[in-house]
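# Examination of the molecular architecture
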Amino acid sequence: MASDDDIIIADDAVIHPGDLHEDFIRSSGPGGQNVNKVATAVQLRFDAANATGLSERVRERTIKLAGQRATKDGVIVIEASRFRTQEQNRADARARLTALVAKAAEPPPPPRKKTRPSKGAVERRLKSKAGRGTIKKLRGRVGDD
């Protein structure tokens, strides 16, 4: 079912070209007349909420990791205007999307194992606390004896 244009990230994370929509917009910043007449910046939209190549876990994590870049409808918008050509910006936007989905597809870390301090360590800690308390008590005023 995978075509040549699919971006395969993991077994449960594949980006199909039908889920991507690219708009070329004018880039901001310096560049003279070229900026005003050539649309080199890319606005890449990825409909993560309806993407068929993502498992449910990866879909939820992708939208969560996207943060402000995700709309309420689950569409992730990535703008790339780092380079002066459309092709470089297009590749940059796709690479950033791929990195985002790859991070979401990583397996969750193993659960933390609870550990307890040994009985001797607890006793040593309490003994040192008592010793510090004694030192601090002795810092008080000298009484009239």
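Refer to the structure printed above.
Scoring rules and cut-offs
- Residues numbered from 1 in each chain as written.
- Predicted model: local features only at pLDDT ≥ 70, side-chain atom pairs only at ≥ 80, totals over all residues.
- Heavy atoms only, no water.
- Salt bridge = Lys/Arg side-chain N within 4 Å of Asp/Glu carboxyl O.
- Helix = DSSP H or I, 4+ residues; strand = E, 2+ residues; numbered from the N terminus.
- Buried < 20%, exposed > 50% of the residue type's maximum accessible area, 1.4 Å probe, protein only.
- Pairing = 2+ DSSP bridges.
- Axes fitted to C-alpha atoms, helices over the stretch in contact; angles between N-to-C directions.
- Contact = heavy atoms within 4.5 Å.

With that settled, consider the pattern of salt bridges. Scanning the entire structure with this criterion turns up 6 salt bridges. The shortest N-O distance in the salt bridge between Glu56 and Arg59 comes to 3.0 Å. Taken together, the residues Glu56 and Arg59, both in helix H2 (residues 56-66) and 3 residues apart, mark about one turn of the helix. The class for Glu56 is partly exposed, based on a relative accessible area of 49%. Under the relative-accessibility criterion, Arg59 is labelled buried at 14%. Residue Asp92 is joined to Arg96 by a salt bridge in which the shortest nitrogen-to-oxygen separation is 3.4 Å. Residue Asp92 and its partner Arg96 are located together in helix H3 (residues 86-105), separated by 4 residues, close to a single helical turn. If you follow the salt bridges from partner to partner, you end up with Glu22, Glu87, Arg90 and Arg94 in one network.

Attention now goes to the pairing of strand E4 (residues 41-47). Of all 7 residues that make up E4, 5 are buried, and the element is covered over most of its length. Relative to E4, strand E3 (residues 20-25) is paired through 6 bridges, and the arrangement is antiparallel. When the bridges of E4 are listed, Asp23 appears paired with Gln43. For E4 and strand E5 (residues 75-80), the ladder comprises 6 bridges, and the chain directions are antiparallel. Bridging from a neighbouring strand, Arg45 pairs with Val77 of E5.

On the basis of which strands lie adjacent, the open sheet formed by 3 strands has the order E3-E4-E5 and antiparallel pairing. Looking at the sheet topology across the chains shown, the edges are occupied by E3 and E5. Averaged over all neighbouring strand pairs, the angle between strand axes comes to 20 degrees, with direction disregarded. Of the strands in this sheet, E3, E4 and E5 are in contact with H3, which crosses E4 at around 35 degrees.

Just distances and angles here, no functional claims.
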